[in-house]
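Listed here are the chains, written in short residue letters.
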Amino acid sequence: MEIGDFRLEQLSEGIFEVSAAGSIRKIRDHHAKETEKEAFPRVGLDPVLVDTGSTRVLLDAGLGMGLDRREPDPETSNIVTNLDIFGYRPEDIDAVILSHLHYDHAAGLSFTGKAGEVTATLPNARIYVQKAEWEAALNSLGTHPGVSGMGYEPDDLYRLVADGRFVILEEERREIVRGITVIRTGGHTPGHQVVRIRRNGQTAYYCGDLIPNENYLNRFYTGKIDTDPVKAKKARMLLLQQCWRDQATLLLYHSVYRKAGKIVRDKNRGFALKKG
Ligand SMILES: [Zn+2]
């Protein structure tokens with residue numbers, strides 16, 4: 001996909017299922033009956049690579065399955081195997097923008113080396129995260145010890161923070177690279193941010209978990225996935241209206257079917273994604 005002369009790639013890690021406890025895991029039974037399928041909703045996982053020609057920016061870092069073993073898994077892929085498909089090496093990535101610090105967006109940043117040491121997956125990348133998000137991840141240690149699932153697992157991030165790789169953002173908006181701007185929304189998590197990519201009159205939004213899939217385009221439900229459901233609902237509506245005004249392409253992280261598309265209004269005045 002192209003936005004102006006920027007090249008964008010969605011790096012699909014595969015299709016996963018959400019367990020009853022809320023963790024994302026490999027699909028256990030591919031032949032499950034419909035009722036069981038409903039019990040374990042399916043999700044995609046698609047970080048985005050933006051190549052501006054001079055700078056390469058990754059939007060979220062994925063689950064990182066298989067990074068520790070350093071061998072490809074036939075069922076899933078990770079940031080390293082996906083970059084390779086498009087002809088990039090881990091060293092080529094200059095920046096990572098994290099929508100938030102939940103492990104399904106941040107775990108791919110590091111892996112455990114042979115001697116048990118935490119190692120950066122992308123050795124040259126600076127990592128951009130909101131201050132409120134980093135603080136929420138730290139606070140989660142005291143309030144929810146040992147919680148796994150779609151929550152925070154900041155242990156592996158300390159090493160990267162200590163190494164000075166993190167850039168902690170305090171502004172609500174900041175242009176990280178010319179044409180690539182983060183916008184703090186909160187709602188899903190205290191420091192959730194989305195990314196606007198604008199080049200040569202074309203615009204795309206990477207929506208993180210504020211609009212994780214197409215179902216969120218019109219059903220303004222206050223989902224249990226959000227830490228502040230009212231704020232998330234408001235931020236989601238404002239973002240959709242802005243996307244519509246900008247005639248933007250939406251990039252969806254957790255979609256199983258439609259992963260990207262230009263936002264349009266359908267006959268009933270609802271939002272939809274246009275094919276192509
Ligand atoms: Zn997520």
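Since we're looking at a predicted model, the values are computed, not measured. (Residues numbered from 1 in each chain as written. Predicted model: local features only at pLDDT ≥ 70, side-chain atom pairs only at ≥ 80, totals over all residues. Heavy atoms only, no water.)

Participant: How should a nonpolar patch on the surface be read in this particular structure?
Facilitator: Among the surface-exposed residues, Leu138, Leu141 and Tyr158 lie close enough to one another that they form a single nonpolar patch of about 220 Å² accessible area. Within the secondary structure, leucine 138 sits in helix α4 (residues 131-143). (Patch = residues over 30% accessible without salt bridge, like charges linked within 9 Å, V, L, I, M, F, W, Y side chains within 5 Å. Areas by Shrake-Rupley, 256 points an atom, 1.4 Å probe, with all protein chains shown as cover. Salt bridge = Lys/Arg side-chain N within 4 Å of Asp/Glu carboxyl O. Helix = DSSP H or I, 4+ residues; strand = E, 2+ residues; numbered from the N terminus.)

Participant: How should I be thinking about the pattern of salt bridges in this particular structure?
Facilitator: In this structure the tally under the stated criterion is 12 salt bridges. Linking aspartate 246 and arginine 198 is a salt bridge whose minimum nitrogen-to-oxygen distance equals 2.9 Å. Note that aspartate 246 is positioned in the loop between α6 (229-245) and β17 (249-251) and arginine 198 in strand β15 (residues 193-199), a separation of 48 residues in sequence. For aspartate 246, a relative accessible area of 18% corresponds to the buried category. A single network of salt bridges, built from pairs that share partners, joins Arg89, Glu91 and Asp92. (Buried < 20%, exposed > 50% of the residue type's maximum accessible area, 1.4 Å probe, protein only.)

Participant: Quick question: what am I supposed to make of the sheet that holds strand β19 (residues 271-274) here?
Facilitator: The strands that make up a sheet are held in pairs by hydrogen bonds between backbone atoms, and each pair lies either parallel or antiparallel. Spatially, 7 strands are ordered β13-β14-β15-β16-β17-β18-β19 in an open sheet, and the strand pairing comes out mixed. Each of the sheet's edge strands pairs with one partner strand only, and the pair in question is β13 (173-177) and β19. Neighbour to neighbour, the strand axes of the sheet diverge by 30° on average, direction disregarded. Bridge count between β13 and strand β14 (residues 180-184): 4 bridges; the pairing is antiparallel. By the bridge assignment, arginine 174 is partnered in β14 with valine 182. This element, α6, spans β15, β16 (202-206), β17, β18 (260-265) and β19 of the sheet and lies at about 90° to β18. (Pairing = 2+ DSSP bridges. Axes fitted to C-alpha atoms, helices over the stretch in contact; angles between N-to-C directions. Contact = heavy atoms within 4.5 Å.)

Participant: What should I look at first to understand the packing of aromatic side chains in this one?
Facilitator: The description of an aromatic ring pair rests on the distance of the ring centres and on the angle between the ring planes. Per the counting criterion, the structure on display carries 4 aromatic pairs. Between the aromatic rings of tryptophan 134 and tyrosine 158, the centroid separation amounts to 6.1 Å while the plane-to-plane angle is 80°, which identifies the pairing as edge-to-face. Remark: tyrosine 158 occurs in helix α5 (residues 155-162) and tryptophan 134 occurs in helix α4; sequence separation between them is 24 residues. Residue classification places tryptophan 134 among the buried residues on the basis of a relative accessible area of 12%. Taken together, the ring pairs connect Trp134, Tyr158 and Phe166 into an aromatic cluster. It is arginine 265 that lies over the ring of tryptophan 244; its NZ or CZ is 5.2 Å from the centre. (Phe/Tyr/Trp six-rings, centres within 6.5 Å; stacked < 30°, edge-to-face > 60°. Lys NZ or Arg CZ within 6 Å of the ring centre and 35° of its normal.)

Participant: Sorry if this is basic, but what is going on with the pairing of β18 here?
Facilitator: Regular strands place side chains that alternate from one sheet face to the opposite one. Pairing of β17 with β18, which is carried by 3 bridges, proceeds in the antiparallel orientation. Looking across to β18, one finds that leucine 250 is bridged to glycine 261. Sheet analysis places β18 next to β19, joined by 4 bridges and oriented antiparallel. Within the sheet, the bridge partner assigned to lysine 262 lies in β19 and is lysine 274. The turn joining β18 and β19, which pair antiparallel and follow one another in sequence, is formed by 5 residues; a positive phi near 70° is taken by arginine 269.

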